[in-house]
Amino acid sequence: MAYEVEIKAHAGESLKEKIDAYTSQTGEEVIKEDTYYAFDGDEVPRFRIRRENDFLLISAKHNHREGGLECNEELEFRHDNTEDQRVMEDMAALLGYKIFIHKYKKGWSWMLSDVHIELLDVKHLGWFLEMEIISDKPGFENNRDNYDRLYEILSDLGVGKDEVESRSYQEMLRAWKQDMSVTR
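> What exactly am I supposed to notice about the side chain of Ser109 here?
Its location among the elements puts Ser109 in strand E7 (residues 98–112). Given a relative accessible area of 16%, Ser109 falls into the buried group. A polar side-chain atom of Ser109 sits 2.7 Å from a polar atom in the side chain of His116. With residues up to four places along the chain from it excluded, the contact list for Ser109 reads Gly27, Glu28, Val30, His116, Ile117 and Glu118.

And the structure:
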């Protein structure tokens, strides 16, 4: 099983030029449309269907968070026929899953050695810098060197530790939805 060692921080669109220079690459445009599925009464989703540019990613993960750092156990596979998305959604419904939440992200993506960097505008939430390393080592302590590396890149890009977000996008989107229902 792979472990996704990840950090995300609040950022601005203007960071793109700095990341381009830092990685010596021009960021590749990316659009990610996520639908998370769960059973009625679940507090967290069971799996996700993501449409990313011209392919699908189907993922299930156990999230482990510690103050903005994540080390998630993840199973994921890629499916290149986006026309099958509807069949997958219908299968989820047939199996009793309900849509837990939708998430839409648009921005840019870079690879810096084994570090995947993304600068994304998350609909309703704003801009975020996401960085991840795929590891074969479980747990936070076993990945301390990977976290140090991510924090080093964060610092090199001029993003302070105080910008690191400890909540998941799902938590933030659920809070946003709650705020929207209260203000209407």
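> What exactly am I supposed to notice about the environment of Val30 here?
As for its position among the elements, Val30 is in strand E2 (residues 28–38). A relative accessible area of 2% means that Val30 is categorised as buried.

> Quick question: what am I supposed to make of the nonpolar core here?
Grouped burial of nonpolar side chains is what soluble globular proteins tend to show. Core analysis: the biggest nonpolar cluster contains 25 residues, and Ile19, Ile117, Leu129, Met131, Leu150 and Leu154 have the highest contact counts within it. For this core, the elements supplying multiple residues, two or more each, are strand E1 (2–10), helix H1 (15–23), strand E6 (69–79), E7, strand E8 (115–122), strand E9 (126–135) and helix H3 (144–156). With sequence-adjacent residues up to four places away left out, Leu154 is seen in contact with Ile7, Ala9, Leu129, Met131, Val159, Gly160 and Val164.

> Is there a simple way to think about the environment of Arg48 in this case?
As for its placement among the helices and strands, Arg48 is situated in strand E3 (residues 47–52). The class for Arg48 is buried, based on a relative accessible area of 5%. Separated by 119 residues in sequence, Arg48 and Arg167 have C-alpha atoms that sit 18 Å apart. Sequence-distant contacts of Arg48, defined by excluding residues within four places in its chain, comprise Asp34, Thr35, Tyr36, Leu57, Ile58, Ser59, Lys61 and Glu76. Here the side chain of Arg48 touches Glu76 through a polar contact of 3.2 Å, side chain to side chain.

> Is there a simple way to think about the pattern of salt bridges in this case?
If the charged atoms of two oppositely charged side chains come close together, the side chains can form a pair. Tallying each qualifying case throughout the model produces 16 salt bridges. The shortest N-O distance in the salt bridge between Lys61 and Glu4 comes to 2.8 Å. With a gap of 57 residues between them, Lys61 in strand E4 (residues 55–62) and Glu4 in strand E1 connect regions that are remote in the sequence. We classify Lys61 as partly exposed; its relative accessible area is 25%.

> Which parts of the structure should I look at to understand the packing of aromatic side chains?
Describing an aromatic ring pair means giving the distance of the ring centres and the angle of the ring planes. Within this structure, the stated rule accounts for six aromatic pairs. Where Phe47 meets Tyr97, the ring centres are 4.9 Å apart and the plane angle is 90°; that geometry is what we call edge-to-face. With Phe47 in strand E3 and Tyr97 in the loop between helix H2 (85–94) and E7, this residue pair connects regions lying 50 residues apart in the sequence. In this structure Phe47 comes out as buried when scored by relative accessible area, which is 18%. Ring centres of Phe140 and Tyr147 lie 5.9 Å apart, and the angle between their planes is 25°; on these two criteria the pair is classed as stacked. The exposure classification of Phe140 matches that of Tyr147, with both residues buried. Each member of the aromatic cluster is reached from another via a ring pair, and the members are Tyr37, Phe39, Phe47 and Tyr97.

> Got a minute to help me understand unusual backbone geometry in this structure?
Backbone geometry follows two general trends: most residues other than glycine have a negative phi, and most peptide bonds adopt the trans configuration. Positive phi, close to 55°, is recorded for Ser24, a residue that is not glycine. You can see Ser24 is positioned in the loop between H1 and E2. On the basis of relative accessible area, Ser24 is assigned to the exposed category, the value being 67%. One non-glycine residue with positive phi stands out, namely Ser113, at about 60°.

> Could you clarify how one ought to interpret H3 in this entry?
One full turn of an α-helix is made of 3.6 residues, so residues set three or four places apart face in the same direction. End to end, H3 covers 18 Å across 13 residues, agreeing with the expected 18 Å (1.5 Å per residue, within 8%). Considered for burial, the residues of H3 that qualify are Asn146, Tyr147, Leu150, Ile153 and Leu154. Projected down its long axis, H3 carries its buried residues within an arc of 120°, all on one side. Turning to H3, the residues buried within the fold contact E1, H1, E6, E7, E8 and E9. Of the residues flanking the end of H3, it is Gly158, one or two places downstream, whose phi is positive at about 80°.

The rules we used
- Residues numbered from 1 in each chain as written.
- Predicted model: local features only at pLDDT ≥ 70, side-chain atom pairs only at ≥ 80, totals over all residues.
- Heavy atoms only, no water.
- Helix = DSSP H or I, 4+ residues; strand = E, 2+ residues; numbered from the N terminus.
- Buried < 20%, exposed > 50% of the residue type's maximum accessible area, 1.4 Å probe, protein only.
- Polar contact = N/O pair within 3.5 Å; in protein donor to acceptor, adjacent residues only side chain to side chain.
- Contact = heavy atoms within 4.5 Å.
- Core = buried A, V, L, I, M, F, W, Y, C linked by side-chain atoms within 4.5 Å.
- Salt bridge = Lys/Arg side-chain N within 4 Å of Asp/Glu carboxyl O.
- Phe/Tyr/Trp six-rings, centres within 6.5 Å; stacked < 30°, edge-to-face > 60°.
- Expected span 1.5 Å × (residues − 1).
- Arc of directions from axis to C-beta.

The values are spatial; any link to function lies outside them.
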